[in-house]
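# Results of the structural survey
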Amino acid sequence: MPKIFITRTLPKIAEEILHKHHFEVTTFSKNRSITKRELIKEASDADGIISLLTDPIDKDVIDNLKCCKVIANYAVGYNNIDTNYARKKNIIVTNTPDILTDATADLTLTLILSCARRLVEGDKMIRTNKFKGWSPNLLLGTDINNKILGVIGAGRIGSAVIKRASAFGMKSIYYNRSRNLEIENLYSSKKVSLDYLLKNSDVISIHLPLNPGTKNLLNKEKLSLLKNHSILINTARGEIIDENHLIQLLKMKKIFAAGLDVYVNEPNINIKFLKLSNVILAPHIGSATIETRSKMAELAVKNVINVLKGKKPLTPVV
Ligand code: DGY
(Lines give C-alpha, C1' and ligand atoms only; values in the text may rest on other atoms or scores of the structure.)
Protein backbone atom coordinates (compact mmCIF):
# COMPACT_ATOMS: atom_id res chain seq x y z
CA MET A 1 0.00 0.00 0.00
CA PRO A 2 1.64 3.31 -1.02
CA LYS A 3 2.22 5.73 1.84
CA ILE A 4 1.20 9.36 1.62
CA PHE A 5 2.38 11.98 4.07
CA ILE A 6 0.33 15.18 4.38
CA THR A 7 2.09 17.99 6.23
CA ARG A 8 -1.06 19.58 7.71
CA THR A 9 -4.72 18.69 8.06
CA LEU A 10 -6.48 19.51 4.77
CA PRO A 11 -10.17 19.57 3.81
CA LYS A 12 -11.43 16.06 4.50
CA ILE A 13 -11.97 15.28 0.84
CA ALA A 14 -8.20 14.75 0.57
CA GLU A 15 -8.05 11.78 2.91
CA GLU A 16 -11.40 10.46 1.66
CA ILE A 17 -10.13 10.16 -1.92
CA LEU A 18 -6.81 8.69 -0.84
CA HIS A 19 -8.50 6.04 1.32
CA LYS A 20 -10.86 5.17 -1.53
CA HIS A 21 -7.78 4.42 -3.62
CA HIS A 22 -6.32 2.32 -0.79
CA PHE A 23 -3.42 4.58 0.11
CA GLU A 24 -2.04 4.66 3.63
CA VAL A 25 -2.27 8.24 4.85
CA THR A 26 -0.40 9.95 7.66
CA THR A 27 -1.21 13.57 8.42
CA PHE A 28 0.87 15.87 10.60
CA SER A 29 -2.08 16.89 12.69
CA LYS A 30 -0.59 19.47 15.07
CA ASN A 31 -2.19 22.82 14.49
CA ARG A 32 1.00 24.48 13.21
CA SER A 33 3.47 24.23 10.34
CA ILE A 34 5.73 21.22 10.40
CA THR A 35 9.40 21.98 11.09
CA LYS A 36 12.16 20.88 8.74
CA ARG A 37 13.41 18.39 11.31
CA GLU A 38 9.93 16.89 11.73
CA LEU A 39 9.47 16.75 7.96
CA ILE A 40 12.73 14.86 7.53
CA LYS A 41 11.66 12.36 10.20
CA GLU A 42 8.00 11.92 9.28
CA ALA A 43 8.20 11.89 5.47
CA SER A 44 11.27 9.72 4.99
CA ASP A 45 9.37 6.56 3.97
CA ALA A 46 6.50 8.25 2.08
CA ASP A 47 5.86 7.45 -1.58
CA GLY A 48 4.09 10.77 -1.97
CA ILE A 49 3.95 14.02 0.00
CA ILE A 50 1.31 16.72 0.02
CA SER A 51 3.08 19.86 1.22
CA LEU A 52 2.18 23.45 2.05
CA LEU A 53 3.83 26.65 0.87
CA THR A 54 5.20 27.02 4.40
CA ASP A 55 7.16 23.74 4.24
CA PRO A 56 10.80 24.18 3.26
CA ILE A 57 11.50 21.23 0.97
CA ASP A 58 15.16 21.78 0.26
CA LYS A 59 18.09 19.50 -0.57
CA ASP A 60 18.37 18.21 3.04
CA VAL A 61 14.72 17.17 3.10
CA ILE A 62 14.84 15.66 -0.38
CA ASP A 63 18.01 13.71 0.42
CA ASN A 64 16.16 12.05 3.30
CA LEU A 65 13.24 10.86 1.19
CA LYS A 66 13.86 7.18 0.56
CA CYS A 67 11.12 6.36 -1.92
CA CYS A 68 9.21 9.56 -2.70
CA LYS A 69 8.00 9.89 -6.28
CA VAL A 70 5.79 12.95 -6.02
CA ILE A 71 5.55 16.14 -3.98
CA ALA A 72 2.19 17.81 -4.51
CA ASN A 73 2.32 21.38 -3.22
CA TYR A 74 -1.02 22.65 -1.92
CA ALA A 75 -0.49 26.09 -3.50
CA VAL A 76 0.08 27.64 -6.88
CA GLY A 77 3.48 29.00 -5.76
CA TYR A 78 6.23 26.44 -5.21
CA ASN A 79 9.20 28.57 -4.20
CA ASN A 80 9.35 26.51 -0.97
CA ILE A 81 10.57 23.49 -2.96
CA ASP A 82 13.98 23.00 -4.55
CA THR A 83 12.40 21.85 -7.81
CA ASN A 84 15.71 21.45 -9.65
CA TYR A 85 17.01 19.10 -7.01
CA ALA A 86 13.72 17.20 -6.89
CA ARG A 87 13.92 16.73 -10.67
CA LYS A 88 17.47 15.38 -10.33
CA LYS A 89 16.14 12.85 -7.83
CA ASN A 90 13.30 11.90 -10.20
CA ILE A 91 10.65 13.35 -7.92
CA ILE A 92 7.75 15.01 -9.70
CA VAL A 93 6.57 18.30 -8.20
CA THR A 94 3.02 19.53 -8.78
CA ASN A 95 1.08 22.65 -7.76
CA THR A 96 -2.56 23.82 -7.79
CA PRO A 97 -2.93 26.44 -10.52
CA ASP A 98 -6.19 27.73 -12.08
CA ILE A 99 -8.56 26.72 -9.30
CA LEU A 100 -7.36 29.47 -6.96
CA THR A 101 -7.26 32.19 -9.61
CA ASP A 102 -10.71 33.62 -8.84
CA ALA A 103 -10.30 33.56 -5.07
CA THR A 104 -6.91 35.29 -5.26
CA ALA A 105 -8.15 37.86 -7.78
CA ASP A 106 -11.15 38.55 -5.52
CA LEU A 107 -8.87 39.18 -2.56
CA THR A 108 -6.76 41.50 -4.71
CA LEU A 109 -9.83 43.57 -5.58
CA THR A 110 -10.85 43.52 -1.92
CA LEU A 111 -7.48 45.01 -1.02
CA ILE A 112 -7.61 47.59 -3.83
CA LEU A 113 -11.06 48.80 -2.79
CA SER A 114 -10.34 48.66 0.93
CA CYS A 115 -7.16 50.72 0.47
CA ALA A 116 -8.87 53.21 -1.84
CA ARG A 117 -11.82 53.66 0.55
CA ARG A 118 -9.86 53.35 3.82
CA LEU A 119 -12.22 50.68 5.07
CA VAL A 120 -9.98 49.23 7.77
CA GLU A 121 -9.27 52.69 9.23
CA GLY A 122 -13.03 53.26 9.38
CA ASP A 123 -13.66 49.94 11.10
CA LYS A 124 -10.98 50.76 13.67
CA MET A 125 -12.47 54.22 14.21
CA ILE A 126 -15.81 52.71 15.15
CA ARG A 127 -14.36 49.99 17.36
CA THR A 128 -12.29 52.56 19.29
CA ASN A 129 -15.34 54.79 19.73
CA LYS A 130 -13.84 57.61 17.65
CA PHE A 131 -16.66 57.95 15.10
CA LYS A 132 -18.47 61.14 16.02
CA GLY A 133 -20.86 61.32 13.08
CA TRP A 134 -20.88 62.04 9.34
CA SER A 135 -18.53 64.77 8.30
CA PRO A 136 -17.53 66.23 4.89
CA ASN A 137 -13.89 65.32 5.33
CA LEU A 138 -14.16 62.05 7.16
CA LEU A 139 -11.82 59.37 5.81
CA LEU A 140 -11.68 60.68 2.27
CA GLY A 141 -10.44 57.99 -0.03
CA THR A 142 -9.84 57.93 -3.73
CA ASP A 143 -11.91 56.86 -6.75
CA ILE A 144 -10.76 53.89 -8.77
CA ASN A 145 -13.07 54.56 -11.71
CA ASN A 146 -11.04 55.84 -14.69
CA LYS A 147 -7.77 55.18 -12.88
CA ILE A 148 -4.92 53.10 -14.26
CA LEU A 149 -4.24 49.65 -12.89
CA GLY A 150 -0.71 48.37 -13.53
CA VAL A 151 -0.46 44.60 -13.27
CA ILE A 152 2.99 43.11 -12.80
CA GLY A 153 2.74 39.56 -14.14
CA ALA A 154 -0.20 39.07 -16.50
CA GLY A 155 -0.71 35.34 -16.09
CA ARG A 156 -3.91 33.72 -14.87
CA ILE A 157 -4.33 35.73 -11.66
CA GLY A 158 -3.11 39.03 -13.13
CA SER A 159 -5.57 38.65 -16.01
CA ALA A 160 -8.43 37.85 -13.63
CA VAL A 161 -7.60 41.02 -11.68
CA ILE A 162 -7.67 43.09 -14.89
CA LYS A 163 -11.06 41.59 -15.77
CA ARG A 164 -12.51 42.54 -12.38
CA ALA A 165 -10.90 45.99 -12.34
CA SER A 166 -12.30 46.75 -15.78
CA ALA A 167 -15.81 46.20 -14.36
CA PHE A 168 -14.97 48.98 -11.87
CA GLY A 169 -14.06 51.31 -14.74
CA MET A 170 -10.30 50.98 -14.42
CA LYS A 171 -7.99 51.06 -17.43
CA SER A 172 -5.07 48.69 -17.35
CA ILE A 173 -1.46 48.30 -18.39
CA TYR A 174 0.69 45.27 -17.71
CA TYR A 175 4.30 44.18 -17.42
CA ASN A 176 4.99 40.63 -18.54
CA ARG A 177 7.63 38.65 -20.43
CA SER A 178 5.26 37.95 -23.32
CA ARG A 179 2.19 39.71 -24.69
CA ASN A 180 -1.20 38.64 -23.39
CA LEU A 181 -3.46 39.11 -26.40
CA GLU A 182 -6.57 38.04 -24.53
CA ILE A 183 -6.44 40.91 -22.05
CA GLU A 184 -5.32 43.28 -24.79
CA ASN A 185 -8.37 42.35 -26.88
CA LEU A 186 -10.92 42.07 -24.10
CA TYR A 187 -9.87 44.96 -21.86
CA SER A 188 -7.65 47.12 -24.11
CA SER A 189 -4.79 46.45 -21.75
CA LYS A 190 -1.32 47.49 -22.96
CA LYS A 191 2.03 45.80 -22.39
CA VAL A 192 4.59 48.30 -21.04
CA SER A 193 8.01 48.34 -19.40
CA LEU A 194 8.24 47.95 -15.63
CA ASP A 195 9.46 51.53 -15.18
CA TYR A 196 6.62 52.92 -17.31
CA LEU A 197 4.10 50.89 -15.30
CA LEU A 198 5.44 52.09 -11.96
CA LYS A 199 5.54 55.74 -13.07
CA ASN A 200 2.07 55.76 -14.62
CA SER A 201 -0.18 53.47 -12.59
CA ASP A 202 -2.56 54.63 -9.88
CA VAL A 203 -2.87 51.09 -8.53
CA ILE A 204 -0.07 48.54 -8.90
CA SER A 205 -0.73 44.86 -8.28
CA ILE A 206 1.90 42.12 -8.23
CA HIS A 207 1.15 38.66 -9.65
CA LEU A 208 4.54 37.05 -10.26
CA PRO A 209 6.00 33.84 -8.91
CA LEU A 210 8.96 34.21 -6.58
CA ASN A 211 12.23 33.11 -8.16
CA PRO A 212 15.77 34.52 -8.35
CA GLY A 213 14.66 36.83 -11.20
CA THR A 214 11.75 38.36 -9.28
CA LYS A 215 13.23 38.49 -5.78
CA ASN A 216 13.47 42.15 -4.73
CA LEU A 217 12.18 43.22 -8.16
CA LEU A 218 10.55 46.23 -6.53
CA ASN A 219 13.71 47.47 -4.87
CA LYS A 220 14.34 50.97 -3.55
CA GLU A 221 15.04 52.38 -7.00
CA LYS A 222 11.88 50.90 -8.56
CA LEU A 223 9.66 51.80 -5.59
CA SER A 224 10.82 55.40 -5.82
CA LEU A 225 9.13 55.60 -9.25
CA LEU A 226 5.64 55.23 -7.74
CA LYS A 227 3.30 58.23 -7.87
CA ASN A 228 2.55 59.77 -4.50
CA HIS A 229 -1.14 58.91 -4.67
CA SER A 230 -0.55 55.31 -5.79
CA ILE A 231 -1.79 52.15 -4.11
CA LEU A 232 0.49 49.08 -4.08
CA ILE A 233 -1.01 45.60 -3.72
CA ASN A 234 0.90 42.37 -3.18
CA THR A 235 -0.86 39.00 -3.10
CA ALA A 236 2.08 37.13 -4.69
CA ARG A 237 5.15 36.75 -2.46
CA GLY A 238 6.61 39.20 0.06
CA GLU A 239 10.19 38.85 -1.15
CA ILE A 240 9.32 40.55 -4.46
CA ILE A 241 9.21 43.93 -2.65
CA ASP A 242 11.89 45.64 -0.58
CA GLU A 243 9.73 45.76 2.56
CA ASN A 244 11.95 48.18 4.46
CA HIS A 245 11.77 50.72 1.70
CA LEU A 246 8.01 50.24 1.32
CA ILE A 247 7.66 50.99 5.03
CA GLN A 248 9.65 54.21 4.52
CA LEU A 249 7.40 55.27 1.63
CA LEU A 250 4.25 54.57 3.66
CA LYS A 251 5.64 56.34 6.71
CA MET A 252 6.56 59.43 4.71
CA LYS A 253 3.22 59.24 2.85
CA LYS A 254 5.06 59.01 -0.48
CA ILE A 255 2.33 56.62 -1.65
CA PHE A 256 -1.34 56.59 -0.70
CA ALA A 257 -1.56 53.06 0.68
CA ALA A 258 -0.49 49.45 0.40
CA GLY A 259 -2.58 46.29 0.65
CA LEU A 260 -0.52 43.21 1.49
CA ASP A 261 -1.36 39.54 1.81
CA VAL A 262 2.24 38.27 1.79
CA TYR A 263 5.41 39.20 3.67
CA VAL A 264 9.14 38.59 3.65
CA ASN A 265 9.33 36.59 6.85
CA GLU A 266 5.92 35.02 7.39
CA PRO A 267 4.46 34.72 9.93
CA ASN A 268 6.82 37.19 11.60
CA ILE A 269 5.56 40.42 10.10
CA ASN A 270 7.86 43.45 10.29
CA ILE A 271 6.40 45.25 13.32
CA LYS A 272 6.92 48.64 11.67
CA PHE A 273 3.92 47.83 9.45
CA LEU A 274 1.71 47.60 12.52
CA LYS A 275 2.20 51.27 13.36
CA LEU A 276 1.06 52.49 9.94
CA SER A 277 -2.57 53.33 9.21
CA ASN A 278 -2.07 53.45 5.43
CA VAL A 279 -1.35 49.75 5.02
CA ILE A 280 -3.87 46.90 5.11
CA LEU A 281 -2.38 43.62 6.32
CA ALA A 282 -4.06 40.36 5.37
CA PRO A 283 -2.68 37.07 6.75
CA HIS A 284 -1.86 35.26 3.46
CA ILE A 285 -5.47 34.35 2.65
CA GLY A 286 -5.43 34.73 -1.15
CA SER A 287 -6.88 31.29 -1.78
CA ALA A 288 -8.73 31.00 1.52
CA THR A 289 -12.30 30.17 0.60
CA ILE A 290 -14.01 26.93 1.57
CA GLU A 291 -14.70 26.04 -2.06
CA THR A 292 -11.22 26.85 -3.34
CA ARG A 293 -9.38 25.04 -0.56
CA SER A 294 -11.46 21.91 -1.23
CA LYS A 295 -10.66 22.06 -4.93
CA MET A 296 -6.97 22.53 -4.11
CA ALA A 297 -7.06 19.45 -1.87
CA GLU A 298 -8.73 17.43 -4.59
CA LEU A 299 -6.23 18.50 -7.23
CA ALA A 300 -3.21 17.84 -4.99
CA VAL A 301 -4.53 14.37 -4.22
CA LYS A 302 -5.27 13.59 -7.87
CA ASN A 303 -1.72 14.58 -8.78
CA VAL A 304 -0.35 12.18 -6.17
CA ILE A 305 -2.61 9.34 -7.28
CA ASN A 306 -1.80 9.83 -10.95
CA VAL A 307 1.96 9.75 -10.38
CA LEU A 308 1.81 6.73 -8.08
CA LYS A 309 -0.37 4.87 -10.57
CA GLY A 310 2.13 5.58 -13.33
CA LYS A 311 -0.01 8.22 -15.07
CA LYS A 312 0.82 11.82 -15.93
CA PRO A 313 0.21 14.36 -13.13
CA LEU A 314 -2.51 16.90 -13.94
CA THR A 315 -0.50 19.98 -13.02
CA PRO A 316 3.25 19.38 -12.90
CA VAL A 317 5.38 22.47 -12.37
CA VAL A 318 7.56 23.34 -15.32
C1 DGY B 1 -0.41 30.24 -3.40
O2 DGY B 1 -1.19 29.27 -3.48
O3 DGY B 1 0.75 30.18 -3.77
C4 DGY B 1 -0.91 31.55 -2.91
O5 DGY B 1 0.01 32.15 -2.08
C6 DGY B 1 -2.28 31.47 -2.29
O7 DGY B 1 -2.61 32.62 -1.64
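Residues numbered from 1 in each chain as written. Predicted model: local features only at pLDDT ≥ 70, side-chain atom pairs only at ≥ 80, totals over all residues. Heavy atoms only, no water.

Another aspect to go through is empty space enclosed by the protein. If you walk through the whole model with that rule in mind, you get two cavities of 30 Å³ or more. As a volume, the largest cavity reaches approximately 40 Å³. Lining the largest cavity are Thr 142, Asp 143, Ile 144, Lys 147, Asp 202, Val 203, His 229 and Ile 231. Each residue belonging to the lining of the largest cavity can be placed in one class, and the counts come to three nonpolar, two polar and three charged. Taken as a whole, the second largest cavity holds about 30 Å³ of empty space. In this structure, the second largest cavity is lined by Asn 234, Gly 238, Ile 241, Glu 243, Leu 246, Leu 260 and Val 262. Considering only residue class, the lining of the second largest cavity consists of four nonpolar, two polar and one charged. (1 Å grid on protein atoms, 1.4 Å probe; cavity = no way out; pocket = protein on both sides within 12 Å on 5 of 7 lines; lining within 4 Å. Points joined across faces, edges and corners; volume = space filled by probe spheres on them. Nonpolar A, V, L, I, M, F, W, Y, C, P; charged D, E, K, R; others polar.)

Bringing the pairing of strand β7 (residues 171-175) into the picture now. Bridging between strand β6 (residues 148-152) and β7 involves five bridges; their strand directions are parallel. Bridge assignment links Leu 149 to a residue of β7, and that residue is Ser 172. After leaving β6, the chain enters helix α7 (residues 156-167) and then returns to the sheet as β7, a path that is right-handed. The β-α-β motif built from β7, the intervening helix α8 (residues 181-187) and the parallel element strand β8 (residues 190-191) has right-handed crossover chirality. (Pairing = 2+ DSSP bridges. Helix = DSSP H or I, 4+ residues; strand = E, 2+ residues; numbered from the N terminus. Right-handed = clockwise from strand over helix to strand, strands pointing away.)

Bringing the side chain of Glu 184 into the picture now. Position of Glu 184 among the secondary structure elements: in helix α8. Not counting chain neighbours up to four residues away, the residues in contact with Glu 184 comprise Tyr 174, Arg 179, Ser 189 and Lys 191. (Contact = heavy atoms within 4.5 Å.)

On domain assignment, one finds that the chain holds domain 1 (3-99 + 290-308) and domain 2 (101-281). For domain 1 and domain 2, the distance between their C-alpha centroids amounts to 31 Å. Here domain 1 packs against domain 2, burying approximately 590 Å² in sum over the two surfaces, 44% of which is carbon and sulfur. Considering only the surface of domain 1 that becomes buried against domain 2, Leu 53, Asn 79 and Asp 98 emerge as the three largest contributors, covering 63% of it. Inspection of the region where domain 1 meets domain 2 yields one salt bridge. Salt-bridge contacts for Arg 156 lead to Asp 98; the nearest nitrogen and oxygen are separated by 3.3 Å. (Domains from an automatic or database assignment. Buried area = accessible area lost by both parts, 1.4 Å probe. Salt bridge = Lys/Arg side-chain N within 4 Å of Asp/Glu carboxyl O.)

A few words on the site of the ligand. The environment of the ligand is formed by Leu 53, Ala 75, Val 76, Gly 77, Leu 100, Arg 237, His 284, Gly 286 and Ser 287. Gly 77 is positioned with one of its backbone polar atoms (N or O) 2.9 Å from an oxygen atom of the ligand. At 2.7 Å, a side-chain N or O of Arg 237 approaches an oxygen atom of the ligand. Its residues placed into classes, the shell around the ligand shows four nonpolar, four polar and one charged. (Near = heavy atom within 4 Å. Polar contact = N/O pair within 3.5 Å; in protein donor to acceptor, adjacent residues only side chain to side chain.)

Applying the stated criterion across every chain yields a total of 15 salt bridges. Residue Lys 36 is joined to Asp 58 by a salt bridge in which the shortest nitrogen-to-oxygen separation is 2.6 Å. A residue pair is termed long-range when its members are at least 10 positions apart, and Lys 36 in helix α2 (residues 36-43) and Asp 58 in the loop between β3 (48-51) and α3 (59-63) qualify at 22 residues. We classify Lys 36 as partly exposed; its relative accessible area is 27%. Where Arg 179 meets Glu 184, a salt bridge forms, and the shortest distance between an N and an O atom there is 2.5 Å. Classification of Arg 179 as exposed rests on a relative accessible area of 57%. Salt bridges sharing partners connect three or more residues here, namely Lys 36, Asp 58 and Asp 60. (Buried < 20%, exposed > 50% of the residue type's maximum accessible area, 1.4 Å probe, protein only.)

Roughly 360 Å³ of internal volume is contained in the second largest pocket. Lining of the second largest pocket is provided by 16 residues; of these, Val 120, Glu 121, Lys 124, Leu 276 and Ser 277 occupy positions nearest its centre. For the lining of the second largest pocket, the element with the most residues is helix α6 (residues 119-127), which contributes four residues. A class-by-class count of the residues in the lining of the second largest pocket yields nine nonpolar, two polar and five charged.

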